[in-house]
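# Survey of secondary and tertiary structure
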2 protein chains.
Amino acid sequence: MAPITNGRVIFNAVPQDFPIPGETTVYDTTQTIDLDKVPLNGGLLIKVLVLSVDPYMRGRLRAPEVKSYMPAFVLGKPLMGGGIGVVVRSEVAGVEAGSHVRGLLAHQEYVIAPNLAMLEIIERDPKLHWSVYIGPAGMIGETAYMGWREYSRAKKEEVAFVSTGAGGVGSMVIQIAKQDGLKVIASAGSDEKVRFMKEIGADVAFNYKTTDVREMLAKEGPIDIYWDNVGGSTLDAAMEFANNHSRFIECGQISGYNQGYQPMSNPSFIVSKSMSIHGFLVSNLRPKYSTAFRAEVWPKLVSGEFKFKEDVTHGLQRLGEVILAVQKGTNTGKAIVVVAEE
Amino acid sequence: MAPITNGRVIFNAVPQDFPIPGETTVYDTTQTIDLDKVPLNGGLLIKVLVLSVDPYMRGRLRAPEVKSYMPAFVLGKPLMGGGIGVVVRSEVAGVEAGSHVRGLLAHQEYVIAPNLAMLEIIERDPKLHWSVYIGPAGMIGETAYMGWREYSRAKKEEVAFVSTGAGGVGSMVIQIAKQDGLKVIASAGSDEKVRFMKEIGADVAFNYKTTDVREMLAKEGPIDIYWDNVGGSTLDAAMEFANNHSRFIECGQISGYNQGYQPMSNPSFIVSKSMSIHGFLVSNLRPKYSTAFRAEVWPKLVSGEFKFKEDVTHGLQRLGEVILAVQKGTNTGKAIVVVAEE
């Protein structure tokens, strides 16, 4: 077979604020690959099927000299993120062509992996699409489940507030909190998202663009747990209407990712309310919770007890648009890019 | 015996910023008490010996409509705080005159307690003055020991930063952290305090009024644990120079008590560094740690292995001055008011 184009999404320029498709990232078609002959040097040739686009990726679109918890993407090289691919050729013992792998994959149509160190072989339930395994059955669901189990110290009848409750992580948090017997208040940025949050069980769901967060929490709170995906003034409001001994789980602060972080208005609440505030990386919680996550969450996704919504875009060339949509919140549900069908 | 004056420190006016002796609080001598005849109604007559004056008391000198974790002091009534007294007369079964009691005592020379509900009978080691039992062997030491044990997750060789390291709580935290094998950086506001922090084992001790906190932490950090007694710009600096997975123990934020709280400049570090930040009340930790505290800390205070410094003022009429000194940091060591000798 003759060489074919290996489309790639390249990190082209550090964004000033929002990441612009075609400027921050460019879709590049200059590389070709011969699927039959490309040397694998003992590794795997993978055809990428689905990629996950997540809010945290904004943090990697930065200048290399800025330190953070994940390395910056490399200018001139492809982005990478959670994905699933199918093995086209394998020189790894025990891995057959046709097997599926999950892990951090470069944003290109075909990837050569030196080994399985950063990947895992994965099988799917016939009822679930592969995309679910990079969403609620993957890192997204793990983040919700493991963060909640480790830090919420949830008790029945308590009140939890979840921001970006219609997103991949937020929608799972709502359902886990309801399963634990809490009252759940959830916010998002459109009426369509509000409807979805009600569908999945939120007791109170509101559009923060048309309803004041403070007024809503004054009425429906005080809160015992806040799952924060947004930071900024929503975090301030949550602290103001938090109970003593409240637990705040800092999953993200997207309000600051593109236009700078606001300060926290009143950190004295941490002392006066005996609060606990936790940032975390899901990778550190996996050793403790992976088995429980699969046992508890996967069957509920298969049975439909846990619901999820995907916002699916077809074509790797559109990944830059999806990155922007996720930062602006114009997607509804977990953002997925389908790169190829099997 | 004829009635005698029962001096009292009355909450007279809500302070605008710093609490002014004679204005915020007044020493009142209008009440008399007949020690032989005053009816006890089944309770105890206590002669107050020593009182503890602590930073947190500023939070109780507020208008009653402002909610916080401890009730406001009542305008026109005496203040109260940790203290020790001797029983003069008792109508409580099993409590003899001459016994000593510890607990929250009204700021007056003689107190009638209805029962032992809020007090405990206490005995002292002959080597230690009663004041130690409201300092490092009391609530102050408990705060340091229990907060550290619950939240520090300290590991040998880690780096801890302690603000107000020459104060009652801070000086105990330094010594417990050194005992646990950590490198300790400590700050305070005078050269005399810096000398004391070095005496008790701080590896690095500095005067924040003459040395920039950020420069010092850039040189001696990054830090894994921050014991915060001050908040404000020191808390910001600690977050900036904190390691991933750092633990912040929010014991107090005195920089904001009198002149308003500063915002936290960059709360995004909580996410990006996977930080945990904990406020706490020592009363909630006592059930778990009281036995260990007495077993571990009291013998080290008796033997002199744990050192402490007291700033002793004689006379209840001077308590208002001591409250101000503690808020301004002009005391060195744990502030104690000796109300009476036995």
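The structure presented is a predicted model; accordingly, all values stated were derived computationally and were not measured. (Residues numbered from 1 in each chain as written. Chains lettered and ligands numbered in written order. Predicted model: local features only at pLDDT ≥ 70, side-chain atom pairs only at ≥ 80, totals over all residues. Heavy atoms only, no water.)

## Observations regarding the overall build of chain A
The condition that has to hold: Starting at the N terminus, helices and strands are each numbered in turn, a helix being any DSSP run of H or I of at least four residues and a strand any DSSP run of E of at least two. The size measure is the radius of gyration over C-alpha atoms, and the globule rule it meets is 2.2 Å times the number of residues to the 0.38 power. Relative accessible area decides the class of each residue, using a 1.4 Å probe on protein chains only: under 20% of the type maximum gives buried, over 50% gives exposed, and in between gives partly exposed. Only heavy atoms enter the contact rule, under which two residues are in contact if any of them lie within 4.5 Å. Values of accessible area rely on a 1.4 Å probe in the Shrake-Rupley scheme; residue burial ignores everything except the protein chains shown.
A tally of regular secondary structure across chain A gives eight helices and 17 strands. Compactness check: chain A gives a C-alpha radius of gyration of 21 Å against a globular reference of 20 Å for 342 residues, within 12% of the reference. A principal-axis box enclosing the C-alpha atoms of chain A has dimensions of 65 × 45 × 35 Å. Taking all 342 residues of chain A together, 57% fall into the buried category. Contacts spanning at least 24 positions in sequence make up 69% of the contacts within chain A whose residues lie at least 6 apart. For chain A, the exposed area adds up to about 14,000 Å²; of that, 51% sits on carbon and sulfur atoms.

## Overview of the relation of the copies chain A and chain B
Counted only if it meets this: Overlaid copies result from least-squares superposition on C-alpha atoms, with residues included only where pLDDT is at least 70 in both.
Expressed as a screw operation, the relation of chain A to chain B combines 0.0 Å of axial shift with a rotation of 180°, fitting to an RMSD of 0.0 Å. One copy is carried onto the other by what is essentially a two-fold rotation axis. The residues that chain A uses at the interface reappear at the interface of chain B in 100% of cases, marking a shared surface.

## As for the interface of chain A and chain B
Convention followed: Buried area: the accessible area, evaluated with a 1.4 Å probe, that two parts lose upon being put together, summed over both parts. Each reported salt bridge corresponds to a side-chain nitrogen of Lys or Arg within 4 Å of a carboxyl oxygen of Asp or Glu.
With 27 residues of chain A at the contact, the number on the chain B side is 27 residues. Each partner contributes to the roughly 2,200 Å² buried at the junction of chain A and chain B, and carbon and sulfur atoms together form 59% of this total. Counting the surface chain A buries against chain B, the share from its top three residues, Tyr69(A), Met264(A) and Val271(A), is 22%. For the pair chain A and chain B, the number of links is zero salt bridges.

## Concerning the packing of helix 1 (residues 139–151) of chain A against helix 7 (residues 282–303) of chain A
All names here are of chain A. For the record, the criterion: Lines are fitted to the C-alpha atoms to define the axes, a helix being fitted only along its stretch in contact, and any angle between axes, read from their N-to-C directions, falls within 0 to 180 degrees. Throughout this description, any angle smaller than 35 degrees is read as roughly parallel, any larger than 145 degrees as roughly antiparallel, any in the 65 to 115 degree range as roughly perpendicular, and the remainder as oblique. Residue polarity is assigned by list, with Asp, Glu, Lys and Arg as charged and Ala, Val, Leu, Ile, Met, Phe, Trp, Tyr, Cys and Pro as nonpolar; anything else, Gly included, falls into the polar class.
Packing of helix 1 against helix 7 brings their axes to within 8 Å, and their N-to-C directions diverge by 100°. When the interaxial angle is binned, helix 1 and helix 7 end up roughly perpendicular. Contact residues: helix 1 offers Met139, Gly141, Glu142, Thr143, Tyr145, Met146, Gly147, Arg149, Glu150 and Tyr151, while helix 7 offers Val282, Leu285, Arg286, Lys288, Tyr289, Ser290, Ala292, Phe293, Glu296 and Val297. Across the contact of helix 1 with helix 7, the residue classes tally to ten nonpolar, four polar and six charged.

## Brief notes about the sheet that holds strand 11 (residues 183–188) of chain B
To keep it simple, the criterion reads: Strand pairing is defined by DSSP finding a minimum of two bridges between the two strands.
Spatially, the twelve strands line up as an open sheet ordered 12(A)-11(A)-10(A)-13(A)-14(A)-15(A)-15(B)-14(B)-13(B)-10(B)-11(B)-12(B), and their pairing is mixed. At either end of the open sheet lies a strand with only one pairing partner, and these are strand 12 (204–207) of chain A together with strand 12 (204–207) of chain B. Each neighbouring strand pair of the sheet contributes to a mean axis angle of 15°, computed without reference to strand direction. Relative to strand 13 (residues 223–228) of chain A, strand 10 (residues 159–162) of chain A runs parallel, the two sharing three bridges. Bridge pairing in strand 13 of chain A links Val162(A) to Trp227(A). Running over the sheet, helix 4 (residues 213–220) of chain A touches strand 10, strand 11 (183–188), strand 12 and strand 13 of chain A and is turned about 165° from strand 12 of chain A.

## Describing the UniProt feature "domain: Enoyl reductase (ER)" (unreviewed entry) in chain A
This is how it is decided: UniProt positions are given in the numbering used here, feature names are shortened, and annotations may be inferred rather than shown by experiment.
Feature annotation in UniProt places "domain: Enoyl reductase (ER)" (unreviewed entry) on residues 43–337 of chain A, given in this structure's numbering. Each end of residues 43–337 of chain A is marked by a C-alpha atom, and these two atoms are 25 Å apart; helix forms 30% of the span and strand 26%.

## A word on the side chain of Gln253(A)
Inclusion rule: Polar contacts, as used here, are pairs of N or O atoms within 3.5 Å; protein pairs need one atom able to donate a hydrogen and one able to accept it. Residues neighboring in sequence count only if both atoms are side-chain atoms.
Looking at the secondary structure, you find Gln253(A) in the loop between strand 14 (242–250) and helix 6 (268–272). A distance of 2.9 Å separates a polar atom in the side chain of Gln253(A) from a polar atom in the side chain of Glu250(A). Only 3.4 Å separates the side chain of Gln253(A) from the backbone oxygen of Pro267(B), close enough to count as a polar contact.

## Some words on helix 5 (residues 232–240) of chain B
Residue and element names in this part refer to chain B. Where burial is concerned, most of helix 5 is hidden: seven out of the nine residues are buried. Within helix 5, the full set of buried residues consists of Gly232, Thr234, Leu235, Asp236, Ala237, Ala238 and Met239. Those residues of helix 5 that are buried are in contact with strand 10 (159–162), helix 4 (213–220), strand 13 (223–228), strand 14 (242–250) and helix 6 (268–272).

## Topic: the packing of helix 1 of chain A against helix 2 (residues 168–179) of chain A
All names here are of chain A. Here is the rule: The hand of a helix crossing depends on one turn: near helix anticlockwise from the far one by less than a right angle means left-handed, and clockwise means right-handed.
Packing of helix 1 against helix 2 brings their axes to within 8 Å, and their N-to-C directions diverge by 45°. Compared by their axis directions, helix 1 and helix 2 come out oblique. Considering only the axes of helix 1 and helix 2, their crossing is right-handed. Residues Ile140, Gly141, Thr143, Ala144, Tyr145, Trp148 and Arg149 of helix 1 pack against Gly168, Val169, Met172, Val173, Ile176, Ala177 and Gln179 of helix 2. Considering only residue class, the contact of helix 1 with helix 2 consists of nine nonpolar, four polar and one charged.

## A closer look at the packing of aromatic side chains
One pair of aromatic rings is described through two measures. These are the centre distance and the angle between the planes. Residues and elements named next belong to chain A. So the rule is basically this: Between rings of Phe, Tyr and Trp, where Trp is taken as its six-membered ring, a pair exists when centres lie within 6.5 Å; planes separated by under 30 degrees are stacked, by over 60 edge-to-face, and by other angles tilted.
Following the criterion strictly, the structure yields 20 aromatic pairs over all chains and no others. Centre to centre, the rings of Tyr133 and Trp298 are 5.2 Å apart; their planes meet at 85°, and the pair counts as edge-to-face. Note that Tyr133 is positioned in the loop between strand 9 (119–121) and helix 1 and Trp298 in helix 7, a separation of 165 residues in sequence. Look at Tyr133 and you get buried, because its relative accessible area is 2%. On the basis of relative accessibility, which here comes to 16%, the residue Trp298 falls in the buried class. With 4.9 Å between their ring centres and 20° between their planes, Phe161 and Tyr226 make a pair best called stacked. In this pair, Phe161 is assigned in strand 10 and Tyr226 in strand 13, connecting sequence segments 65 residues apart.

## Describing unusual backbone geometry
Leaving glycine aside, a negative phi is the common case for residues, and trans is the common case for peptide bonds. All names here are of chain A. The omega torsion across Gly221 and Pro222 is 0°, close enough to zero to call that bond cis. On the secondary structure map, Pro222 appears in the loop between helix 4 and strand 13. Phi is positive for Glu157, which is not a glycine, with a value near 80°. Following the sequence through the fold, Glu157 ends up in the loop between helix 1 and strand 10. Assessed through its relative accessible area of 67%, Glu157 is described here as exposed. Although it is not a glycine, Thr164 sits at a positive phi angle of roughly 45°. Along the polypeptide, Thr164 turns up in the loop between strand 10 and helix 2.

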